[in-house]
Amino acid sequence: MTLALHGIAVSRGIAVSRALVWDTAMRDIPRNRIDKKSVRFEKKRFDLAVKRVTEELTDIRGQLTQDSPAEFDALLNLHSLILQDPILCEAPKELIASKMINAEWALVEQMEVLLEQFAAIEDDYFRERNADVRQVVERVLKALRGHATALPLPPEDDNEDPWLIVAHDISPADMVQLKGRRVGAFVTEMGGATSHTAIVARSLGIPAVVGVPRALEFVHNGDLVVVDGKVGAVFLDPTPSVIDEYQRKQAILALSRQRLKRLINTEAKTQCGRRIQLMANIELPDDVERVVESNADGVGLFRSEFLFMNRKDWPSEDEQFEAYRKVIKAMKGKPVVVRTLDLGADKTLQVDGGSGGPPASSTSALGLRSIRFSLAEPAIFLTQIRAVLRAAKYGPVKILLPMLTNLRETRQAMAYIDLAREQLLERRIQATQEVSIGGMIEVPAAALSLPHFLKYLDYVSIGTNDLIQYTLAVDRVDHQVAHLYDPLHPAVLRLVHEIISSAHKGGVEVSVCGEMAGDIRLTRLLLGMGLTQYSMHPSQLLDVKELLMKTDFEVTQKLVKRITRGFEVDKIQALMDQLNED
């Protein structure tokens, strides 16, 4: 009989594949008392395991290629930093000697100490790092127990059927090892809509369901499994009728994707002729190739901080200029929105400022990050602005300031942009002096004060990921509360609607560049709120375009008004179902 497991749907698609199970070393951890003679041996065994994992993480980072998702290197660096924390690399040896216990036991005890410290801090960043700490400890435990830390991988042969990876969680290091392998889908016990697995699965177009309780208890190597990435369902021991049904859906989906390619050169217009701009998000200059292939209306979000990551020095003005120019020239007259440094929280640097050098951005989601970091380090900020202004002579460019919270920092940022213009004039360097300046609206403070910000900004872009997280006080990657991360929460709907309405009243352009923009379940909702500019991952553009072309704006607007006035979740969902009926 078919058994159905349910989790969080994070990457659409269907897979009918054999399972490749990545078991966890956290199970059945040996807890043994030792004698004094064994203390030295256990300490040495622990040191060797830590050394082995450190070398492996370094080797894996060395395997990264130019087309690897930009997050990989940053996350691998984070794991290396976690491994160097004295709580994990030194304190276990003290426990081995003081409590006379084996290395595995000591390591797990210290892991719990570190996790408790994170939990006690009211900070999103530290709560998000629970999964990273567990992944690092997992690798050390495997090394201690003599197990291979490298996981069994699917074959590289294109003739082989794709495998379905089932795991407790998938770390960035594991993801790197999967590059070039035949993977049909991901199923994990941990994770949420914006976990590492979810982000990479979406970027690769692979079906994924995360937050599936007890998946490892029910799935075994070689089991035939069906994954429905649209509804978040995982079917074990499927009957022939279930297999036939999903294979039919697979074939229909494949034909649909082929059909969508015909829309590449078609304008995105609603049934009533309303023109919608569909733009793309990128992280590195080479990403622009996919934007051009998708025929997007421009780059709606160039996450410039990725130019600063994966290196031990700060990129020069000329380096940045060349990177921006490459993207601008590739877009051939279509607009490019460059977001200034959005460092901090989980986007950390390897740069070592040294004596007198600039400090690292804060690892706290509520600390010195984003625009705060740029204003605290004007030399770095001015260098970036000069590079953007120089590149702007090759095509239309807009500057986007991240995480604005008050007018004082907005005015200060504007003053630095004016200063960068003056510096270029003094140096007699050719540059475009006038570029549009916009702000990211991603914290409730900015959303509620928007009319005042509009006096200074030429446009605004809504960062829905952080806006939802900060509004609902929900850690978006914690599987225990991930179900509370809800873009349809009445408070979120009202905030997004008010931002769009306020921008229109102020005669200012508004876009959405967070995950909501590329989620076709929310496409009509945003349209009904009056949104006419979406920015998303290039792989999502055609799906959104097709839906918009089948949508009547006026009918949608009437339904959305009812949705944004509602407070009862069930009624909102019923209206959403009605909204998305074809």
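Just above, that's the structure.
Residues numbered from 1 in each chain as written. Predicted model: local features only at pLDDT ≥ 70, side-chain atom pairs only at ≥ 80, totals over all residues. Heavy atoms only, no water.

Trainee: So what exactly am I meant to see when it comes to the side chain of S304 here?
Mentor: Positionally, S304 belongs in the loop between strand 10 (299–303) and helix 13 (317–331). Using a relative accessible area of 0% as the deciding quantity, one classes S304 as buried. In terms of polar contacts, S304 uses its side chain to reach the side chain of Q384, at 2.7 Å. With sequence-adjacent residues up to four places away left out, S304 is seen in contact with Y324, V338, R339, T340, L341 and Q384. (Helix = DSSP H or I, 4+ residues; strand = E, 2+ residues; numbered from the N terminus. Buried < 20%, exposed > 50% of the residue type's maximum accessible area, 1.4 Å probe, protein only. Polar contact = N/O pair within 3.5 Å; in protein donor to acceptor, adjacent residues only side chain to side chain. Contact = heavy atoms within 4.5 Å.)

Trainee: Hey, could you run me through the packing of helix 19 (residues 464–472) against helix 20 (residues 490–505) in this one?
Mentor: Helix-helix packing: each pair is described by the crossing angle between the helix axes and the interaxial distance. Relative orientation of the contacting elements helix 19 and helix 20 amounts to 130°, with a least axis distance of 10 Å. The angle between helix 19 and helix 20 places the two elements in the oblique class. Of the two elements, helix 19 crosses helix 20, and the hand of that crossing is right-handed. When helix 19 is examined against helix 20, the residues L467, I468, T471 and L472 are found in contact with a partner set consisting of A491, V492, L495, V496 and I499. (Axes fitted to C-alpha atoms, helices over the stretch in contact; angles between N-to-C directions. Parallel < 35°, antiparallel > 145°, perpendicular 65-115°, else oblique. Left-handed = near helix turned anticlockwise from the far one by under 90°.)

Trainee: What exactly am I supposed to notice about the sheet that holds strand 7 (residues 224–228) here?
Mentor: If you trace the eight strands from one edge of the open sheet to the other, you get 1-8-7-3-4-5-6-2, paired in mixed fashion. Each edge of the sheet is formed by a strand with only one pairing partner; in this case those strands are strand 1 (3–6) and strand 2 (8–11). Sheet twist, expressed as the mean angle between neighbouring strand axes with direction ignored, is 30°. Pairing between strand 5 (residues 183–188) and strand 6 (residues 208–210): two bridges, direction parallel. Residue pairing in the sheet places V187 in a bridge with V209 of strand 6. Along the sheet face, helix 11 (residues 240–260) touches strand 3 (14–22), strand 7 and strand 8 (233–236) and points at about 110° away from the line of strand 3. (Pairing = 2+ DSSP bridges.)

Trainee: Hey, could you run me through the packing of helix 15 (residues 378–391) against helix 16 (residues 407–426) in this one?
Mentor: Between helix 15 and helix 16, the shortest axis-to-axis distance is 9 Å and the interhelical angle comes to 60°. Taken together, the axis directions place helix 15 and helix 16 in an arrangement best described as oblique. Crossing of helix 15 over helix 16 shows right-handed handedness. Packed against helix 15, whose contacting residues are P378, F381, L382, I385, R386, L389 and R390, the element helix 16 presents A413, Y416, I417, L419, A420, R421, Q423 and L424 at the interface. Here the residues of the contact of helix 15 with helix 16 sort into eleven nonpolar, one polar and three charged. (Nonpolar A, V, L, I, M, F, W, Y, C, P; charged D, E, K, R; others polar.)

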